[in-house]
Amino acid sequence: MSKPKHERSLADSEAQAVTRNIRVSPRKLNLAAGLIRGRRASDAVAILTFSKRRISDTVKKTLESAIANAENNHSLDVDKLVVARAEVGRSIVMKRFQARGRGKAARVEKWFSHLKIVVAEQQAAPVAEEAAS
C-alpha cells in the first residue's frame, strides 16, 4: 500500500523549486531573494548573474530549476514566466564557541536557511488603447 496522493498546492500555471539547508543566514538570503521578487524570470536570471553577493549563485540555481520545472513538468511558456514568490525560511543553527580572553568563551551561531522560489505564467495584459482627443 502506498500513501494517498495529495492535492497539488500550486495553481496549474505555477511551478516551484526548493533548496534546503543553505549555509547562509536567512537575513542575507532574503536580501538576495528580494532582488528577484516580482520580476520576469529572464530579468531575474540576469540580475543574479551579475550580482556581487556570494549567495546569488545558489539563488540563481534554484531559479533556473524552477524555470526548468515549469517548462518540462508543467508545459508552461518560459517567455511568460514571472517570479511570483521567493520565500526564505530558517533552518538549523549550528552553535560553536570561540575562545576569548581570560579563559572565557563566546558563542558563535552559524545559521542555515531554506529557499523556495515559485514562478508563474503571466497572462497577457490587455493593451490599453489610447483615446484620441
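As shown above, the structure is provided for reference.
Conventions we followed
By convention here, each chain's residues receive numbers from 1 onward along its written sequence. Thresholds applied to this predicted model are a pLDDT of at least 70 for local features of residues and 80 or more for the giving and counting of side-chain atom pairs; totals over whole chains, interfaces and linings are not thresholded and use all residues. With hydrogens and water stripped out, all remaining heavy atoms of the structure feed into the side-chain values. Helix and strand assignments come from DSSP, with helices taken as H or I runs of at least 4 residues and strands as E runs of at least 2, each series counted from the N terminus. The cut-offs for exposure are 20% and 50% of the maximum accessible area for each residue type, with area from a 1.4 Å probe on protein chains only; residues under the lower value are buried, those over the upper are exposed, and the others partly exposed. Contacts are assigned to residue pairs that have any heavy atoms within 4.5 Å of one another. For the accessible areas, the method is Shrake-Rupley and the probe is 1.4 Å, while residue cover comes only from the protein chains on display. Stacked, tilted and edge-to-face are the three classes assigned to paired rings of Phe, Tyr and Trp, where Trp is represented by its six-membered ring and a pair needs centres within 6.5 Å; plane angles under 30 degrees give stacked, over 60 edge-to-face, the rest tilted. Each ring is checked for a lysine NZ or an arginine CZ that lies within 6 Å of its centre and within 35 degrees of its normal; such an atom marks a charge sitting over the ring. Salt-bridge detection follows one rule: a side-chain nitrogen of Lys or Arg within 4 Å of a carboxyl oxygen of Asp or Glu.

1. Thoughts on the overall build of the chain
Alright, step 1. Along the backbone of the chain there are 3 helices and 3 strands.
Alright, step 2. For the chain, the N- to C-terminal ordering of α and β elements is β-α-α-α-β-β.
Alright, step 3. With the C-alpha coordinates of the chain rotated into their principal frame, the extents come out at 80 × 60 × 25 Å.
Alright, step 4. By the burial criterion, 30% of the 133 residues in the chain qualify as buried.
Alright, step 5. Put simply, 69% of the contacts in the chain that link residues at least 6 apart link residues at least 24 apart.
Alright, step 6. Surface accessibility of the chain: about 9700 Å² in total, with carbon and sulfur atoms responsible for 48%.

2. Some remarks on the packing of aromatic side chains
Alright, step 1. Per the counting criterion, the structure on display carries 0 aromatic pairs.
Alright, step 2. The ring of F112 has R23 sitting right over it, with the charged end atom 5.4 Å from the ring centre.

3. Points about the pattern of salt bridges
Alright, step 1. In this structure the tally under the stated criterion is 4 salt bridges.
Alright, step 2. For the salt bridge of E87 with R85, the shortest nitrogen-to-oxygen distance reads 3.1 Å.
Alright, step 3. Taking relative accessible area as the criterion, E87 reaches 36% and is therefore assigned partly exposed.
Alright, step 4. Here R85 falls in the partly exposed class, since its relative accessible area comes to 32%.
Alright, step 5. Of the charged contacts in the structure, one is a salt bridge between K116 and E87, with a shortest N-O distance of 3.8 Å. A residue pair is termed long-range when its members are at least 10 positions apart, and K116 in strand β3 (residues 105-121) and E87 in strand β2 (residues 81-99) qualify at 29 residues.
Alright, step 6. Linked by salt bridges that have partners in common, R85, E87 and K116 make up one network.

4. Some details on unusual backbone geometry
Most of the time, phi is negative for any residue but glycine, and the peptide bond is trans.
Alright, step 1. In this structure, S75 is a non-glycine residue whose phi angle is positive, near 55 degrees.
Alright, step 2. Relative to the assigned elements, S75 resides in the loop between α3 (56-72) and β2.
Alright, step 3. At R102, a residue that is not glycine, the phi angle is positive and equals roughly 60 degrees.

5. Focus: the environment of E109
Alright, step 1. The topology assignment puts E109 in strand β3.
Alright, step 2. Through-space distance from the C-alpha of E109 to that of T62 is 25 Å; in sequence the pair is 47 residues apart.

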